[in-house]
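Descriptive analysis of the structure
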Amino acid sequence: MSDLAASFPGSAWPDYQGGSLLNLMQTLSRELGGPDLGHAPLRVDALDGIGRHRHVCLLLIDGLGDAQLRRLGPDSQLRARQRARIDSVFPPTTAAAVTTVLTGCAPAEHGLIGWHQLHGEEIIAPLPLYVRHPAGSASAPQALADALYRAPPLFDRLARPAACLLPDFIADSPCSRFHAGGSARLPYRGPADGFAQLAARLRSPRPAFHYLYLPQLDTAMHEHGPAAPQAEILLAELDAGFERLLAEAAQRDAAVVAIADHGFVDAPAGQWLDLDADAELYGMLARPLSGETRLAYCHLRPGSAARFIELARRRLGHACWAVPSQVLLDAQAFGPGPRHPDLARRCGEAVLIAKPGWNIRDTLAWEKPLRLVGVHAGVHPDEMAIPLIAFRP
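None of these values were measured; they are calculated from a predicted model. In this convention, every chain numbers its residues from 1, walking through the sequence in written order. For this predicted model, a pLDDT threshold of at least 70 governs which residues receive local features, and a threshold of 80 or more governs which side-chain atom pairs are given and counted, while totals over whole chains, interfaces and linings are taken from all residues. The basis for every side-chain value is the complete set of non-hydrogen atoms in the structure, without hydrogens or water.

Things to note about the pairing of strand β5 (residues 130-133)
Which entries qualify depends on this criterion: Paired strands, in this sense, are two strands between which DSSP finds at least two bridges. Going along the chain from the N terminus, every DSSP run of H or I of four or more residues is numbered as a helix, and every run of E of two or more is numbered as a strand.
Across 3 bridges, the pairing between strand β4 (residues 122-125) and β5 is antiparallel. Counted as the bridge partner of Ile124 is Val131 from β5. Between the antiparallel neighbours β4 and β5 lie 4 residues, among them Leu129 with a positive phi of about 60°.

Set out below in structure tokens:
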């Protein structure tokens, strides 16, 4: 990744050789009697020997980047228990990173590389499972799930029973059903209920693995910004739940690991680049943008890639880097391992990587212009760095 860092000044890329979320999952699988995922283990020793504990808990606090934890919770229990700062995956976004946690596969392997992505001739949101383009698509959610989700779930391949505690509004979604595999899926209503259910499960004498997914902070930061008072209040609530959980864990021989999937950056209102406002550039696209507002995959008409990149660099260079998608593929930005057969096509022919403060969008006729206050999925260090938090009784 050193070549990428040099090509994009100030950018951050995952260390897949021992310092990323992918490596954490390799180590966790090894410690819990799961499969060898074929990746390097985590370089730091925070998880070494964790399988000796009766219970092992993995908390994923969506959006709690290292920068957000330092700024919003400097005196929190979460911060006090932080053992290291590690990288997410590329791109640092929920579709890619949470799928890596649930499967142990790099984005290059599982193929989910953005909120929107190309599948066949459609642009699909792979987590909520709707079709962005074309309008009026007849594709059913379950059919999309059957086609999109290919990497085998990890948790039901561990050498102990596993349970996934998920918000009630996603616990029975096609994405949750597939990625839980044979693990129990347990819905909860609000973070306090999630922590309480997890604490109760630790009272069982039977060794087990428990995964608690907490998306609430991510929602707040998208709506209000990563430094907003609403985010600070919510983090304090999550921290109180974490502290209560540790009190139970200390009595039950339970290890608790907390991570995030990505961090956040601000999205200034005056720095949204509407690609469809440039008729010449946008006319070179064969279909709408996919990916994210901080990382846009451009699916171009045949023979137009070189001209598109040249014009984009000239006209949009203040807001983004325009590169051939092959540059990212050659550098293994999406991670090591056997590539998903559709990876290259999903990247398009060119990628627009937003510079700090900028976002890239297009707006279809039936859509409202997307406007978020906090965003992620780019290559700013605050988007890439996540905390590794661990408690061992």
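Focus on the pattern of salt bridges
When the charged atoms of two side chains lie near each other, side chains of opposite charge can form a pair. Quick note on the threshold: Salt bridge, as applied in this entry: a Lys or Arg side-chain nitrogen positioned within 4 Å of an Asp or Glu carboxyl oxygen. Remark: exposure states derive from per-residue accessible area (1.4 Å probe, protein chains only) relative to the maximum for the residue type, with buried under 20%, exposed over 50%, and partly exposed in between.
As enumerated under the stated definition, the model contains 23 salt bridges in all. A salt bridge links Arg307 to Glu280, with the shortest nitrogen-to-oxygen separation between them at 3.7 Å. Note that Arg307 is positioned in helix α13 (residues 305-316) and Glu280 in helix α12 (residues 279-282), a separation of 27 residues in sequence. With relative accessibility at 37%, the residue Glu280 sits in the partly exposed group. Between Arg314 and Glu310 there is a salt bridge, and its shortest N-O distance comes to 2.9 Å. Taken together, the residues Arg314 and Glu310, both in helix α13 and 4 residues apart, mark about one turn of the helix. The exposure class assigned to Glu310 is partly exposed, which follows from its relative accessible area of 40%. Members of the salt-bridge network, linked through shared partners, are Asp278, Glu280, Arg307, Glu310, Arg314 and Arg315.

Remarks on the nonpolar core
Formally: For the purposes of this section, nonpolar cores are sets of buried Ala, Val, Leu, Ile, Met, Phe, Trp, Tyr and Cys residues that join through side-chain atoms within 4.5 Å. The criterion used for residue contact is that any of the two residues' heavy atoms lie within 4.5 Å.
In terms of nonpolar packing, the biggest core is built from 92 residues, with Leu59, Phe155, Phe209, Tyr211, Phe334, Ile353 and Leu388 touching the most fellow members. Tallying contributions element by element places helix α11 (residues 229-251) first for this core, with 8 residues. With residues near it in sequence (within four places) discarded, Tyr211 still touches Leu58, Leu60, Val98, Val101, Leu102, Phe155, Ala163, Cys164, Leu165 and Leu166. Core analysis: the next-biggest nonpolar cluster, separate from the first, contains 22 residues, Leu273, Leu289, Leu300 and Leu352 among them.

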